[in-house]
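# Examination of the molecular architecture
Here are the chains, one letter per residue:
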Amino acid sequence: MIKCPKCGAVLSDDSKFCSYCGAKIGEATPPPVEERPAVSEPSYSETVKSNFSRSAIPQSLADRIKVKACNQWDRLSVYGKITTIATVIFALLFLTAFLLGKTAAVLVAILQIILVVVSGLMRKQIIKVPKDWIHLLVLSLAVILLIPYVGLFIAPDSNASYLAWSDILLADVAPEPKSHVGEVLTNSDEYLSLHVYRTTAVEYDEYVKACIENGFTVEAEQNEQSYVAYNSDGYQLSLSFDESDSCMNIAVTAAKKYGTLTWPSSAIAGLLPVPKSTTGEIIQNDEHAFQAYISNTPLEAFNAYVTACANNGFNVNSNEIEKSYSAENEDGYQLSVLYQGNGVVSISVSEPEYTVSLEVNCTENLLFSKYDVNVYVNDSLQGTLRHGGTDIYNLNLTKGTYEVRFENDEDSDVIGITTIDVHQDETLKYKIYCTSSKIEVEPITESESAEESKVASEQNIASSTTENETVQSEILSSEATESTGTAEPVSEYELAFVRRLQSYSLYLMFDTDTKMVAQFGTDDTYLDKGSYTGDFSSGVTIAWDHGQFTEQFVYQDGSSTGAYIDGNGFDWEYSKCDLEEAQSLLDTRE
């Protein structure tokens, strides 16, 4: 019996192969390899520490910081490493935007850094949130903000194209800018306007110097971000620079050619002193206004002209600032003198404007023609007056006559027209009455307005007094009944109403037993009688004995007023009055 040299199994003497492990019997089997335990590779920080520990040379401050940073980095989780990298990137974006003067981009970068810090605090549960995934959402939002950040750098050039200076019609007037990326807004012989992108502050300053060398030095005005000047040919140059967008704006205006000017002899132009210059252009000269441009008038001559205008009476409510003067004269005419530049002065005078307050009261109809009214002044809509309401329209008008038109909001053919003569500040009051065919317009004078207020006050007093008198009358009637046993009625009519006007009053009396009605006034001796049908709450119909027309009257039981609708469709308000008062007047008519 023999043993397998590889696995040690017992085999027969004539075996050629091991029946257990398959090893060939008689061949030398290599000794088994001893397995060694796996050894992990040291980290970068461990290698650095090991190397320094084996070194006899002392560590520098930079080396110690490097080792400490490596240790801190190794201790960070994957999320911590992501937020650290994001914070560094956003800080670099902030620095870039700050150096380029991109204020909006700076704010976006700050917001990104804040979101990353908040996300880390949520991760550590320093900031409590209801869901575990919210910190990931906050971090994602910080990353998404990269889109508007980048857009703030490329937005100004969105409409940009290559600037071929040879195509600019005023290229011989203004120097060529260094950048050829821009946008042409206007390109003509009279006016040039364009944006030049990708321009630095240094390049802008160099361009201003080039314009000065080209002769744009007349009446020059300059600050940090703009430059305005003329050249000897009268061309105006206007430059501005936006550092946040790296954009320079160039505008060139050709000089206007003026002809010979003859000062007009109109009344409104005669209010002004005649300028010394005889070149310019008159823009407007009529009864309402005068406007002109005067050339060849340097700044010294402008100041002298302003003084002459003040001496001519334009010194009321005056306002004088650099290169401009405005004032009024005693008649309210308004003057404006402005130095345009390059020896050009604008002069304008306009007739006075008056403040007119238009107060309109729409008398309310009880049943019919209850439409709103559009109010026009010379075809200019001032507003819509609701039916039964009162509104005030404040107007600024020059001297003259104006048409005031009241128009049915539902039918433009139903109108009422009046005119106003404007020559001073004033308040005008009107009362309008709406009918199916037209709008009646009635002016209210100050005395009438005061009288109406007085009548209204008296009516309130009379209403209160009537109630007291009614109570007293009932008491006296009761006492008379007790003493005599019978009560004699004051009137055969049970209801009496009055409409008190400025100089007279109108009365209506109703006999509810016989359905008879009487109407009379204190301004005359007339007396109309008739009969009525229907119910007061819905409106009774009155048929007068003269047979000319029928009218209506509406009265709610317990109310102190009623509505009288005449044959023309107008509504008139009547107040309930004392029967004895009305009967005493009626007795003088019968």
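Read on for an overview of the structure. (Residues numbered from 1 in each chain as written. Predicted model: local features only at pLDDT ≥ 70, side-chain atom pairs only at ≥ 80, totals over all residues. Heavy atoms only, no water.)

Throughout the structure, instances matching the rule amount to 10 salt bridges. Of the charged contacts, one joins Lys 323 and Glu 221 as a salt bridge, the two residues approaching to 3.0 Å between their closest N and O atoms. Taken together, the residues span a long stretch of sequence, with Lys 323 in the loop between strand S13 (316-321) and strand S14 (324-328) and Glu 221 in strand S6 (residues 218-223) at a distance of 102 residues. You can call Lys 323 partly exposed: its relative accessible area is 21%. Judged by relative accessible area, which is 43%, Glu 221 ranks as partly exposed. For Lys 256, the salt bridge is made with Glu 281, and the minimal N-O distance between the two is 3.5 Å. On the criterion of sequence distance, the pair formed by Lys 256 in the loop between strand S9 (247-253) and strand S10 (259-260) and Glu 281 in strand S11 (residues 279-285) is long-range, its members being 25 residues apart. You can call Glu 281 partly exposed: its relative accessible area is 30%. (Salt bridge = Lys/Arg side-chain N within 4 Å of Asp/Glu carboxyl O. Helix = DSSP H or I, 4+ residues; strand = E, 2+ residues; numbered from the N terminus. Buried < 20%, exposed > 50% of the residue type's maximum accessible area, 1.4 Å probe, protein only.)

Summed over all chains, the structure comprises 16 aromatic pairs. Centre to centre, the rings of Tyr 532 and Phe 536 are 5.3 Å apart; their planes meet at 55°, and the pair counts as tilted. For the pair shown, Tyr 532 and Phe 536 are each scored as buried. With 5.6 Å between their ring centres and 75° between their planes, Tyr 564 and Tyr 574 make a pair best called edge-to-face. With Tyr 564 in strand S31 (residues 561-565) and Tyr 574 in strand S32 (residues 571-576), this pair connects stretches of sequence that are 10 residues apart. In this structure, Tyr 564 and Tyr 574 share a single accessibility class: buried. By way of ring pairs, the aromatic residues Phe 497, Phe 510, Tyr 532, Phe 536, Phe 553, Tyr 555, Tyr 564 and Tyr 574 are connected into one cluster. A cation sits over an aromatic face here: Lys 256 above Tyr 258, 5.7 Å from the ring centre. The ring of Tyr 376 carries Arg 405 above its face, with NZ or CZ at 4.4 Å from the centroid. (Phe/Tyr/Trp six-rings, centres within 6.5 Å; stacked < 30°, edge-to-face > 60°. Lys NZ or Arg CZ within 6 Å of the ring centre and 35° of its normal.)

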